[in-house]
Amino acid sequence: MAGEPGAHKYTLTFPKGQEPPVNGFWSITMYQVDQGWWFVPNALDKFTVSPRNDLVANADGSVTFYFQTESPGKDKEANWLPAPKGAFLPMLRMYWPKDTAPSILDDSWTPPQIVKVD
């Protein structure tokens with residue numbers, strides 16, 4: 001999904017227990033569409049977000065990711081992937097996906113939609 005230019009904010013929420021089903025690990029990376037498909041430079045030098053970031057769960061156990069230019073607040077920065085002001089493409093990477101349901105390989109698992117929140 002290419003993001004819209006400007007200061008829009010987006011979220012992606014995995015319901016509790018419904019993170020990407022992998023035997024290895026998963027991550028989300030952010031690419032600039034109009035700058036040669038490179039990672040998005042940012043003050044945090046953060047180019048990916050994954051469970052290795054000590055993610056903060058919501059009260060119901062779900063995990064929400066924030067894709068936006070400005071910080072969503074210190075309490076949410078572990079789940080934040082800085083986005084450029086221009087077009088961007090967040091990419092879910094799944095290393096060694098499970099081959100039995102739920103699995104992305106047989107369409108028995110699909111990622112939730114990214115939602116524009118402003």
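Quick caveat, the model's predicted, so the values are computed rather than measured. (Residues numbered from 1 in each chain as written. Predicted model: local features only at pLDDT ≥ 70, side-chain atom pairs only at ≥ 80, totals over all residues. Heavy atoms only, no water.)

Undergrad: Run through the pairing of strand E4 (residues 63-68), naming residues and quoting values.
TA: Buried residues dominate E4, accounting for 6 of its 6 residues. Across the two faces of E4 the burial is the same, with Val 63, Phe 65 and Phe 67 and Thr 64, Tyr 66 and Gln 68 all buried. When strand E1 (residues 10-14) meets E4, the two strands line up antiparallel, connected through 5 bridges. Note that in E4 the partner of Tyr 10 across the bridge is Phe 67. Summarising the sheet, E4 and strand E5 (residues 80-82) pair through 3 bridges and their orientation is parallel. Within the sheet, the bridge partner assigned to Tyr 66 lies in E5 and is Trp 80. (Buried < 20%, exposed > 50% of the residue type's maximum accessible area, 1.4 Å probe, protein only. Helix = DSSP H or I, 4+ residues; strand = E, 2+ residues; numbered from the N terminus. Pairing = 2+ DSSP bridges.)

Undergrad: Residue-level account of the sheet that holds E5, with values.
TA: An order of E5-E4-E1-E7 is seen for the 4 strands of this open sheet, with the pairing classed as mixed. The open sheet is flanked by E5 and strand E7 (115-116), the only strands paired with a single partner. Where E1 lies against E7, 2 bridges are found, and the strand directions are antiparallel. Looking at E7, one finds that Tyr 10 is bridged to Lys 116.

Undergrad: An account of the nonpolar core is needed here, citing residue identities and associated values.
TA: Of all hydrophobic cores here, the largest spans 17 residues; its most connected members are Trp 26, Ile 28, Met 30, Phe 65 and Phe 67. Those elements giving two or more residues to this core turn out to be E1, strand E2 (26-32), E4 and strand E6 (88-94). In contact with Trp 26, other than residues within four places in its own chain, are Phe 14, Glu 19, Pro 20, Val 49, Ser 50, Pro 51, Leu 55, Phe 65, Leu 92, Arg 93 and Met 94. (Core = buried A, V, L, I, M, F, W, Y, C linked by side-chain atoms within 4.5 Å. Contact = heavy atoms within 4.5 Å.)

Undergrad: I'd like to hear about the sheet that holds E2, residue by residue, with values.
TA: With antiparallel pairing, the 3 strands of this open sheet are ordered in space as E3-E2-E6. What marks the edges here is a single partner per strand, and that holds for strand E3 (48-49) and E6.

Undergrad: I'd like to hear about unusual backbone geometry, residue by residue, with values.
TA: Only a minority of non-glycine residues have a phi that is not negative, and only a minority of peptide bonds are not trans. The residue after Ala 101, namely Pro 102, is reached through a cis peptide bond having omega -5°. Its location among the elements puts Pro 102 in the loop between E6 and E7. Positioned with a positive phi, Trp 96 is a non-glycine residue whose angle comes to about 60°. Structurally, Trp 96 is set in the loop between E6 and E7.

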